[in-house]
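Examination of the molecular architecture
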Amino acid sequence: FMTDTLDFIGCLSNIEEEQVSWNIYPNPGTGELKIESSRFLDVIQVFDMLGQQVLLQSGNRQEQVSLNTENWPSGTYMIHVRMGDAIRRQRWVKTD
């Protein structure tokens, strides 16, 4: 019967996930939707409640983007925003 001993010499550190703050407003809204983030916005996707993609737009590595929603029907939408390796989702309501 044989056993091996493994010695580990090194340093363990706490790896903390960077907190990403973001906001969409106004909610509910009418003709414009604003998205702000503490990180660069990479990709913005908007889906209606049937799961159909209404919008796919680059965030142009900005921290704030305004979307024109005047021609969108009233209803509830899911906003998906990718910021680096972080993805955030939030509901947004369009009113007339």
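About the criteria used
Residues numbered from 1 in each chain as written. Predicted model: local features only at pLDDT ≥ 70, side-chain atom pairs only at ≥ 80, totals over all residues. Heavy atoms only, no water. pLDDT = per-residue confidence, 0-100. Helix = DSSP H or I, 4+ residues; strand = E, 2+ residues; numbered from the N terminus. Buried < 20%, exposed > 50% of the residue type's maximum accessible area, 1.4 Å probe, protein only. Lys, Arg positive; Asp, Glu negative; His and termini not counted. Salt bridge = Lys/Arg side-chain N within 4 Å of Asp/Glu carboxyl O. Polar contact = N/O pair within 3.5 Å; in protein donor to acceptor, adjacent residues only side chain to side chain. Contact = heavy atoms within 4.5 Å. Phe/Tyr/Trp six-rings, centres within 6.5 Å; stacked < 30°, edge-to-face > 60°.

**So, the confidence of the model for the protein chain**
Taken over all residues, the pLDDT of the protein chain has a mean of 86, while the share at 70 or more is 81%. The weakest mean pLDDT in the protein chain belongs to strand β3 (residues 53-68) at 93; the strongest belongs to strand β4 (residues 75-83) at 96.

**Examining the environment of leucine 41**
By the element assignment, leucine 41 lies in strand β2 (residues 32-48). Through-space distance from the C-alpha of leucine 41 to that of isoleucine 87 is 10.0 Å; in sequence the pair is 46 residues apart.

**Considering the side chain of aspartate 48**
Along the polypeptide, aspartate 48 turns up in strand β2. No salt bridge is formed by the buried aspartate 48. Its closest oppositely charged neighbour is arginine 91, at 11 Å. A distance of 2.9 Å separates the side chain of aspartate 48 from the backbone nitrogen of leucine 50, its partner in a polar contact. With near-sequence residues (within four places) excluded, aspartate 48 lies in contact with Val54, Thr76 and Tyr77.

**Side note on the packing of aromatic side chains**
Going through the model one piece at a time under the given rule, you end up with 3 aromatic pairs. Look at tyrosine 77 and tryptophan 92: their rings are 6.2 Å apart centre to centre, the planes differ by 40°, and that puts the pair in the tilted class. On the criterion of sequence distance, the pair formed by tyrosine 77 in strand β4 and tryptophan 92 in strand β5 (residues 86-94) is long-range, its members being 15 residues apart. Across the pair, exposure class does not vary: tyrosine 77 and tryptophan 92 are buried alike. Here a set of aromatic residues connected by ring pairs shows up, and it is made of Trp72, Tyr77 and Trp92.

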